[in-house]
Amino acid sequence: MEKQKDTVKVLFSEQEIEKRIEEIAEQINQDYKGKSLCCVSVLKGGIFVTCSLVKRLTMSVSLDFIAVSSYGKEKKSSGQVNILKDLDESIEGKDVLVIEDIIDTGRTLAELLRIFESRNPSSLSICTLLEKKRPREASSIDIRYTGFVIPDHFVVGYGLDYGERYRNLPYIGIIEEEIHEGVGE
Ligand code: PRP
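Computed from a predicted structure; not experimentally measured.

### Comments concerning the overall build of the protein
Working step 1: Across its full length, the protein holds five helices and nine strands.
Working step 2: Burial statistics for the protein: of 185 residues in total, 48% are counted as buried.
Working step 3: Contacts in the protein between residues far apart in sequence, at least 24 positions, make up 66% of those at least 6 positions apart.
Working step 4: When the accessible area of the protein is evaluated, it comes to approximately 9,900 Å², of which 47% is carbon and sulfur surface.

### What to know about the site of the ligand
Working step 1: With respect to spatial proximity, 14 residues lie near the ligand, and among them Glu-100, Asp-101, Thr-105, Gly-106 and Thr-108 are the closest.
Working step 2: With respect to the ligand, the side chain of Asp-161 contributes an N or O atom lying 3.1 Å from an oxygen atom.
Working step 3: In isolation the ligand has 500 Å² of accessible area, and contact with the protein removes 83% of it.
Working step 4: Contributions of two or more residues to the shell around the ligand are made by β5 (95–103) and α4 (107–117).

### What about helix α2 (residues 14–31)?
Working step 1: Compared with the 26 Å implied by 1.5 Å per residue over 18 residues, the 26 Å span of α2 between its first and last C-alpha is a close match.
Working step 2: All buried positions along α2 are accounted for by Ile-17, Ile-21, Ile-24, Ala-25, Ile-28 and Asn-29. Along the axis of α2, the buried residues cluster in a sector spanning 145°; they form a single face. Summarising the geometry of α2, the exposed residues directed more than 90 degrees from the buried face are Gln-15, Lys-19 and Gln-30.

### Brief notes about the environment of Ile-24
Working step 1: With respect to the secondary-structure elements, Ile-24 resides in helix α2.
Working step 2: On the basis of relative accessible area, Ile-24 is assigned to the buried category, the value being 3%.
Working step 3: For Ile-24 and Leu-53, which are 29 residues apart along the polypeptide, the C-alpha to C-alpha distance reads 8.0 Å.
Working step 4: Excluding its chain neighbours within four sequence positions, the residues that come into contact with Ile-24 are Leu-53, Cys-127, Tyr-145, Thr-146 and Gly-147.

### With respect to the pattern of salt bridges
Working step 1: Applying the stated criterion across every chain, the model contains twelve salt bridges.
Working step 2: One connected set of salt bridges, linked through shared partners, spans Lys-44, Asp-161, Glu-164 and Arg-167.

### A look at the nonpolar core
Note that soluble globular proteins tend to have their nonpolar side chains buried in a common cluster.
Working step 1: In this structure, Ile-28, Leu-53, Leu-97, Leu-129 and Leu-130 are the most contacted members of the largest nonpolar core, which totals 28 residues.
Working step 2: For this core, the elements supplying multiple residues, two or more each, are α2, β2 (36–43), α3 (47–54), β5, β6 (123–132), β7 (145–150) and β9 (172–175).
Working step 3: Here Leu-130 is in contact with Phe-12, Asp-101, Ile-102, Ile-103, Phe-148, Ile-150, Val-155, Leu-160 and Ile-172, once residues within four sequence places are set aside.
Working step 4: If you look at the next biggest cluster of nonpolar residues, it comprises 19 residues, including Val-40, Leu-113, Ile-115 and Phe-116.

### A few points about the pairing of β7
Working step 1: β7 sits mainly inside the fold: five of its six residues count as buried.
Working step 2: In the sheet, β6 pairs with β7 via five bridges, with the strands oriented parallel. Paired with Leu-130 across the strands is Phe-148, a residue of β7.

### Describing the sheet that holds strand β8 (residues 155–156)
Working step 1: Taken together, the three strands give an open sheet; going across it, the order is β1-β9-β8, and neighbouring strands pair in antiparallel fashion. Looking at strand neighbours, the two that pair on one side only are β1 (8–12) and β8, the edges of this open sheet.

### Focus on the packing of α2 against α3
Working step 1: At a minimum axis distance of 9 Å, the contact between α2 and α3 shows a crossing angle of 55°. Regarding the angle of α2 to α3, the classification is oblique. Helix-helix and strand crossings are classified by hand; for α2 and α3 the assignment is right-handed. Residues Glu-18, Ile-21, Ile-24, Ala-25 and Ile-28 of α2 lie in contact with α3, whose contacting residues are Val-49, Ser-52 and Leu-53.
Working step 2: Residues belonging to the contact of α2 with α3 are distributed by class as follows: six nonpolar, one polar and one charged.

### Re the pairing of β9
Working step 1: In this structure, β1 lies alongside β9, joined through four bridges in antiparallel fashion. Across the sheet, residue Lys-9 finds its bridge partner in β9, namely Ile-174.
Working step 2: Sheet topology places β8 next to β9; two bridges connect them, and they run antiparallel. Bridge assignment links Val-156 to a residue of β9, and that residue is Gly-173.

Conventions we followed
Residues numbered from 1 in each chain as written. Predicted model: local features only at pLDDT ≥ 70, side-chain atom pairs only at ≥ 80, totals over all residues. Heavy atoms only, no water. Helix = DSSP H or I, 4+ residues; strand = E, 2+ residues; numbered from the N terminus. Buried < 20%, exposed > 50% of the residue type's maximum accessible area, 1.4 Å probe, protein only. Contact = heavy atoms within 4.5 Å. Areas by Shrake-Rupley, 256 points an atom, 1.4 Å probe, with all protein chains shown as cover. Near = heavy atom within 4 Å. Polar contact = N/O pair within 3.5 Å; in protein donor to acceptor, adjacent residues only side chain to side chain. Expected span 1.5 Å × (residues − 1). Arc of directions from axis to C-beta. Salt bridge = Lys/Arg side-chain N within 4 Å of Asp/Glu carboxyl O. Core = buried A, V, L, I, M, F, W, Y, C linked by side-chain atoms within 4.5 Å. Pairing = 2+ DSSP bridges. Axes fitted to C-alpha atoms, helices over the stretch in contact; angles between N-to-C directions. Parallel < 35°, antiparallel > 145°, perpendicular 65-115°, else oblique. Left-handed = near helix turned anticlockwise from the far one by under 90°. Nonpolar A, V, L, I, M, F, W, Y, C, P; charged D, E, K, R; others polar.

Right under this line is the structure:
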């Protein structure tokens, strides 16, 4: 376990992440002042940013979770999203904020938005901690709140995993190359 810290290069420290989330929370508090907000956390990766964000929100907040996985669990996802756990509550007529850890190709989110839009929310916005700077296949997605735009590196920590490891790191980092290859991607 101690080895984890030695093999990951820090990209954003815990302090940097928390400061940025605080800034985003202030913006959301202004945008949704006087409203009720239904926060939807996309598991598993979104759990860290969700907890940090929602405790800083000052409007009336409800919290729900959806767990998804891409079909086949391959690097190149088919764009089909398999719902492992659906929302508990209806989002019809509600202001919904979808909270993600990272948007990479955008396929997961595009499919999630298609599902959520069919349920007729009053509004639907997206908050992501990380957004990869790369050509996105689902380019029409409008991301309202972004923590950091990052290069196309494989990142872990703060909810993000590599083979289910590293989620627990309080910072976001890049796995050192030799370790990354060694795990068997
Ligand atoms: C990650 C992340 C997003 C998705 C982004 O989830 O949480 O949901 O991948 O990738 P995309 O933009 O290329 O679709 P993952 O499938 O790894 O599940 P996890 O959150 O449980 O680790």
